[in-house]
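In case you want the letters, here they are:
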Amino acid sequence: MEFLAHSFPAFTFSRRIRETPYEERVMGQAPKSMTIYNNTPLMTVFRSPREDYEHLCKHVQIWDVSCERQVEIDGNDALKLIELITPRDISKCEIGQCMYIPLVDENGGIVNDPILLRLDRERFWLSIADSNVLLWVKGIAYGMGYSTLIRDPGVNPLAIQGPRSDDLMADLLGDEIRKLPFFRFVRRHLAGTSFYIARSGWSGQGGFEIYLEEYAMGEGLWDCIWGAGQKYSIRAGCPNSIDRIERGLLSYGNDMTLDENPYECGLGRFLSENKEAECMSSEALGKVRENGIKYKVVHLLILGEPLTLPREAWRLKDEAGVFCGLLTSMAYSIRFGGNIAFATVEKEFSSPGQELFVDIDSDKQPRATVVSKFKD
Ligand code: THG
C-alpha cells in the first residue's frame, strides 16, 4: 500500500477515545487508515487516496465526521462571548446560518477554525477543528463572569459529499432541499430522528452535513442514506487529502497552529477590522496590520514523482540552501500533474513564481514553485 510505509502496533481503544454511532457501518467498508481528531477516530483512506478522490469527484460519499465536535454556547451572554473570541463580526449572523469563524487569542494566535451555527438568538454551536475549545471557552466565560451554559451536546455529524449529493438528499427529503444555500441549515426528519442539515462540508465537491443528536439513531440513519444511495454508487468516504489541498482548505494543527495569526494563514477575508463588539484579539491583530507579517502560508506545486510527507514535515530552502519554510501538507494531484502542498514560508519567499527546494536526503532536491491558488 503506497500510503502505508510500514506497519504499526494495534491501536488501543479506551474510554478516552470516543465511539461513534456509525463505526460498525464504517468498519464494514474496510477503511485502510485512520487518524484521531478531537479524541475521535477519523478515517483517512478507504481504497487509496486517488481512488477515493476519483469517486468523490464523480458520485456521492457518506462520511462519519463525528470528530467534528460541537461546543454549545447557550444563554444570555452567548453572543457577547463568541464576539470576544473571534475577530469576525458575527452580529449579523442569522438564525439558520453558518459562518466560518477563526477563534483567535489575545496574542493573535489561532486557537481553532470552527464553523459557527446560530441555532437561536442566544444559542450557538461551534463545530470545531482539532483543539480543545470547550475548556478554553469555559475558562473565558468564568473569568468574564458571563452566564452561559457551555457543553458538548453529543452531536455526531455525518457528511454527504460529492456531485450526486443533491439528487440523493432530494430523494430522501424532497426537492426543497436542493434550494438550501451554501452555509445555511434547516431542521429535517428522516429515519425516525430529526436533525439540522446544512449545505457545507470539508470537500471541494459540495454536499450536506447532518448534525445527528440521537446517538441510537445513527445506524438507522446511515442505513437509510446508504440504501437510497445505491443508485448513485454511494461509498463510505472521508476528507480526502488531494481534494482538500486542491480546494485550498487548511487543516488546523497541520497548516496553521496557535503560533500563526490569521493574516499569515490567508484568513484575512474572514476578519472584520472594525467590528463593534469587544474582542480579545483586536489589539494583537491591529499590531499585525501595522507591522506586517513575517510568515505566510502558501500553495506549492512540486513537479515530478509522487512524494510522501513524513510526519515531522519537510524543510524548504532557497537557492543558496538557506532554510526559509516548512512543508505542512502534501498530496499528489493528477489534475495539476504534480505534488500540491501547503507550506509556511518567510514572507520574502511567498510571492507566486518563487522557487524553493525541498530539503530531502537525495542528490536531486525537488523544486517547489509558489502558486497563487490551485483551484477557484
Ligand atoms: N464541517 C463542520 N465542522 C468542521 C469542519 C467542517 N469543523 C472542523 C473544520 N471542518 C473547520 N474548518 C473549515 C474550514 C473551511 C470550511 C469549513 C470548515 C469551508 N470553507 C469554505 C471555503 O473556504 O471555500 C467557505 C468559507 C466561507 O466562505 O465562509 O467550508 O467541514 N461541520
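Our subject in this report is the structure included herewith. (Residues numbered from 1 in each chain as written. Predicted model: local features only at pLDDT ≥ 70, side-chain atom pairs only at ≥ 80, totals over all residues. Heavy atoms only, no water.)

A closer look at the packing of aromatic side chains
For step 1, the next point in the chain: One pass over the full model with this rule turns up 8 aromatic pairs.
For step 2, the next point in the chain: Note on Tyr-22 and Trp-222: the rings are 6.2 Å apart at their centroids and 35° apart in plane angle, and the pair reads as tilted. Note that Tyr-22 is positioned in the segment before α1 (23-27) and Trp-222 in helix α6 (residues 218-229), a separation of 200 residues in sequence.
For step 3, the next point in the chain: Both rings, one in Trp-125 and one in Tyr-196, keep their centres 5.6 Å apart while their planes meet at 85°; by these two values the pair is edge-to-face. Of the two residues, Trp-125 sits in strand β9 (residues 123-127) while Tyr-196 sits in strand β13 (residues 193-199), which places them 71 residues apart along the sequence.
For step 4, the next point in the chain: In this structure, Arg-187 is placed above the aromatic ring of Tyr-196, and the distance from its NZ or CZ to the ring centre is 4.5 Å. (Phe/Tyr/Trp six-rings, centres within 6.5 Å; stacked < 30°, edge-to-face > 60°. Helix = DSSP H or I, 4+ residues; strand = E, 2+ residues; numbered from the N terminus. Lys NZ or Arg CZ within 6 Å of the ring centre and 35° of its normal.)

A short note on the pattern of salt bridges
Close approach of charged atoms allows side chains of opposite charge to pair.
For step 1, the next point in the chain: Within this structure, the stated rule accounts for 25 salt bridges.
For step 2, the next point in the chain: Close ionic contact of Arg-25 with Glu-219 constitutes a salt bridge, the shortest N to O distance being 3.5 Å. Within this pair, whereas Arg-25 is found in helix α1, its partner Glu-219 is found in helix α6, the two being separated by 194 residues in sequence.
For step 3, the next point in the chain: Arg-25 gets classed as partly exposed once you look at its relative accessible area, which sits at 27%. (Salt bridge = Lys/Arg side-chain N within 4 Å of Asp/Glu carboxyl O. Buried < 20%, exposed > 50% of the residue type's maximum accessible area, 1.4 Å probe, protein only.)

Notes on the site of the ligand
For step 1, the next point in the chain: Around the ligand sit 18 residues in total, of which Asp-113, Ser-127, Glu-209, Tyr-211 and Arg-247 are the nearest.
For step 2, the next point in the chain: Take Asp-113: an N or O atom from its main chain is 3.3 Å from a nitrogen atom of the ligand.
For step 3, the next point in the chain: Measuring from a nitrogen atom of the ligand, one finds a side-chain N or O atom of Tyr-211 at 2.8 Å.
For step 4, the next point in the chain: Against a free-state accessible area of 650 Å², the protein chains account for coverage of 87% of the ligand. (Near = heavy atom within 4 Å. Polar contact = N/O pair within 3.5 Å; in protein donor to acceptor, adjacent residues only side chain to side chain. Areas by Shrake-Rupley, 256 points an atom, 1.4 Å probe, with all protein chains shown as cover.)

Notes on the sheet that holds β13
For step 1, the next point in the chain: Strands sit in the order β12-β13-β14-β11-β3-β15 across an open sheet of 6 strands; the sheet is mixed. A strand with exactly one partner marks an edge of an open sheet, and here the two such strands are β12 (185-190) and β15 (235-237). Neighbouring strand axes in the sheet, compared pairwise and without regard to direction, differ in orientation by 30° on average.
For step 2, the next point in the chain: Taken together, the 6 bridges between strand β11 (residues 156-161) and strand β14 (residues 207-212) define a ladder with antiparallel strand orientation. Bridge assignment links Gln-161 to a residue of β14, and that residue is Gly-207.
For step 3, the next point in the chain: Running at roughly 120° to strand β3 (residues 61-64), helix α2 (residues 49-58) makes contact with β3, β11 and β15 of the sheet. (Pairing = 2+ DSSP bridges. Axes fitted to C-alpha atoms, helices over the stretch in contact; angles between N-to-C directions. Contact = heavy atoms within 4.5 Å.)

Let's talk about the sheet that holds strand β8 (residues 115-120)
For step 1, the next point in the chain: Strand order across the open sheet formed by 5 strands is β5-β8-β9-β4-β10, with antiparallel pairing between neighbours. Of all the strands in the sheet, just β5 (98-100) and β10 (149-151) have a single pairing partner and so form its edges. The sheet shows a mean angle of 20° between the axes of neighbouring strands, direction not considered.
For step 2, the next point in the chain: Pairing of β5 with β8, which is carried by 3 bridges, proceeds in the antiparallel orientation. Each bridged residue has a counterpart across the sheet, and for Met-99 the counterpart in β8 is Leu-116.

Describing the packing of helix α3 (residues 78-85) against helix α4 (residues 133-144)
For step 1, the next point in the chain: In contact at an axis separation of 11 Å, α3 and α4 are set at 115° when each is read in the N-to-C sense. Comparing their axes, α4 and α3 come out roughly perpendicular. Handedness of the α3/α4 crossing: right-handed. Each of Leu-81, Leu-84 and Ile-85 in α3 lies in contact with α4, whose residues at this interface are Trp-136, Val-137, Ile-140, Ala-141 and Met-144.
For step 2, the next point in the chain: Partitioning the contact of α3 with α4 into residue classes produces 8 nonpolar, no polar and no charged. (Parallel < 35°, antiparallel > 145°, perpendicular 65-115°, else oblique. Left-handed = near helix turned anticlockwise from the far one by under 90°. Nonpolar A, V, L, I, M, F, W, Y, C, P; charged D, E, K, R; others polar.)

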